[in-house]
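# Notes for the structure review
What follows is each chain in one-letter form.
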Amino acid sequence: MIALKRPLLMMSLTVLAACAQTPDPEEKILQTDRVAADIGDLTQDGQSVAKLQTPPGFKQGDKLVTYEGPGWESDKVGFRLYLDNRNALDIFGKKTDGLILKSVGRGEDYHEMSDWGMDILKVNNSLGAGGLGVYENETVRQIGKAESYSAEIIKDSLTQASIRVTHTQSEACENDVSATYSIQAGQRLSRINVQNSCVLPYAAGLIIHPNTSSIISEDTGAWRYKARYGVQSLVPDSLGLALFYRAEDITLAGADEDDDYIVFKPSVAPDYFTAAAWEQEKGGLKTKQAFTEWLEETQARLNKTYP
């Protein structure tokens with residue numbers, strides 16, 4: 001019996017060594033880049049840069065930045081922000097879980113369907129997919145002109161991407177306005193955190209398209225949501241949009257001809273989430289019921305994580 005101890009020990013060590021050399025699937029996932037932040041400078045042939053500021057005289061429509069502003073994406077969805085007086089959010093619907101932004105807007109028409117997907121939201125005069133605006137004369141509107149606009153990538157790791165956008169001397173706010181836009185791997189949510197005050201109340205909103213219906217959360221916990229679902233993509237097919245916000249942070253929730261909106265209290269620096277769920281997304285939410293269930297699950301998670 002004693003003679004068996006050494007072979008058993010050697011066999012155990014061999015098994016442990018083999019296990020140690022076998023790649024851990026979870027570790028492999030964590031080592032894969034699943035988010036990206038991108039600012040493409042068209043004056044440098046669309047090269048991705050860490051920071052960009054608009055020059056004097058810049059106006060909406062000037063071909064300075066790929067897809068008109070900075071972008072950030074997870075393996076589920078891509079966002080882009082109009083780096084001008086609109087400050088509205090648009091959506092890149094993704095049919096792949098690979099990263100695509102650093103190749104978008106460099107010669108192709110991203111309004112046409114491709115292997116990766118396409119731009120799927122028409123923003124018009126709205127705040128788009130949860131963009132930041134202001135509330136004035138009982139109306140929610142886009143934030144408007146500033147002396148200049150800048151975007152800077154402040155984080156681009158394997159699992160989180162963040163971009164800071166600054167409106168220098170915003171006319172509506174009478175000072176500089178900076179906001180950070182972030183996304184994490186595996187998420188449809190993008191967090192928006194505003195660092196500056198404004199003489200007007202801040203607002204956030206979702207565009208209202210004709211073929212959509214409103215979904216409003218139950219009044220449970222610290223977090224609430226407003227959402228819209230229906231055939232509102234440019235494909236056209238089904239797309240869900242949502243805002244998640246702390247109930248104590250807002251003074252008003254309503255809707256007008258352009259936006260389903262919330263208005264923040266004057267004393268509050270907005271800190272909220274926006275989200276998009278496209279039916280062609282890989283593993284996407286293909287029905288209103290599935291989208292509603294995801295909204296409720298996300299509300300519960302936020303109430304637990306950020307009480």
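Located above this text is the structure these notes cover.
Residues numbered from 1 in each chain as written. Predicted model: local features only at pLDDT ≥ 70, side-chain atom pairs only at ≥ 80, totals over all residues. Heavy atoms only, no water.

### Observations regarding the state of the cysteines
Two cysteines whose sulfur atoms are joined by a covalent bond form what is called a disulfide. Just so we agree on the cut-off: By disulfide we mean two sulfur atoms from cysteines, separated by a distance within 2.5 Å. Each helix is a run of DSSP H or I of at least 4 residues and each strand a run of E of at least 2, with the numbering of both proceeding from the N terminus. Exposure categories follow from relative accessible area, calculated using a 1.4 Å probe and restricted to protein chains: below 20% of the type maximum is buried, above 50% is exposed, and the middle band is partly exposed.
Under the counting rule described, the total for this entry stands at 1 disulfide. A disulfide bridge connects Cys173 with Cys198, and the sulfur atoms are separated by 2.1 Å. Classification of the bridge connecting Cys173 and Cys198 rests on its S-S torsion, roughly -85 degrees, and on that basis the disulfide is left-handed. Separated by 25 residues along the polypeptide, Cys173 in the loop between strand E12 (160-170) and strand E13 (175-184) and Cys198 in the loop between strand E14 (189-194) and strand E15 (202-207) bring together distant segments of the chain. Cys198 matches Cys173 in its accessibility class, with the two residues each being buried.

### Quick word on the pairing of strand E19 (residues 250-255)
The line we're drawing: Two strands are said to pair when DSSP picks up at least two bridges between them.
Relative to strand E20 (residues 259-264), E19 is paired through 5 bridges, and the arrangement is antiparallel. Note on E20: the bridge partner recorded for Gly254 is Tyr261. The turn linking E19 back onto E20 is made up of 3 residues.

### Considering a negative patch on the surface
What counts here: Each patch groups residues whose relative accessible area exceeds 30% and which form no salt bridge, using 9 Å between like charges and 5 Å between nonpolar side chains of Val, Leu, Ile, Met, Phe, Trp and Tyr. Every accessible area reported is derived by Shrake-Rupley at a probe size of 1.4 Å, with residue values counting cover from the shown protein chains alone. By definition here, a salt bridge exists when the distance from a side-chain nitrogen of Lys or Arg to a carboxyl oxygen of Asp or Glu is within 4 Å. The sign given to each residue is positive for Lys and Arg and negative for Asp and Glu; His and the chain ends receive no count. A charged residue contributes its charge at one atom only: NZ of Lys, CZ of Arg, CG of Asp or CD of Glu.
Where like charges cluster on the molecular surface, the negative patch consists of Glu218, Glu293, Glu296 and Glu297. Along the chain, Glu296 falls in helix H3 (residues 288-305). Residue Glu296 is classed as partly exposed on the basis of its relative accessible area of 44%.

### Describing the packing of aromatic side chains
Operational definition: In this scheme Phe, Tyr and Trp rings, the latter by its six-membered ring, pair at centre separations within 6.5 Å, and the angle between planes marks the pair as stacked below 30 degrees, edge-to-face above 60, and tilted otherwise. Two conditions define a charge sitting above a ring: the NZ of Lys or the CZ of Arg must be within 6 Å of the ring centre, and it must be within 35 degrees of the ring normal.
Scanning the model with the defined rule gives 15 aromatic pairs in all. Ring centres of Phe58 and Tyr149 lie 6.5 Å apart, and the angle between their planes is 65 degrees; this geometry places the pair in the edge-to-face category. Residue Phe58 is located in the loop between strand E4 (51-53) and strand E5 (71-73), and its partner Tyr149 is located in strand E11 (residues 146-156); the two are separated by 91 residues in the primary sequence. Accessibility assignment for this pair places Phe58 and Tyr149 in one class, buried. What links up through ring pairs into an aromatic cluster is the set Tyr225, Tyr229, Phe244, Phe291 and Trp294. Above the plane of the ring of Tyr82 lies Arg86, whose end atom (NZ or CZ) is 3.9 Å from the centre. Over the aromatic face of Tyr306 sits the side chain of Arg191, whose NZ or CZ is 4.9 Å from the ring centroid.

### Considerations on the environment of Gly144
As a reminder, the rule being used: Residue contacts follow a heavy-atom distance rule, with two residues in contact if any of their heavy atoms lie within 4.5 Å.
In this fold, Gly144 is placed in the loop between strand E10 (139-142) and E11. Between the C-alpha atoms of Gly144 and Ala172, which are 28 residues apart in sequence, the distance is 6.6 Å. Among residues more than four places away in sequence, those in contact with Gly144 are Asn85, Tyr149 and His167.

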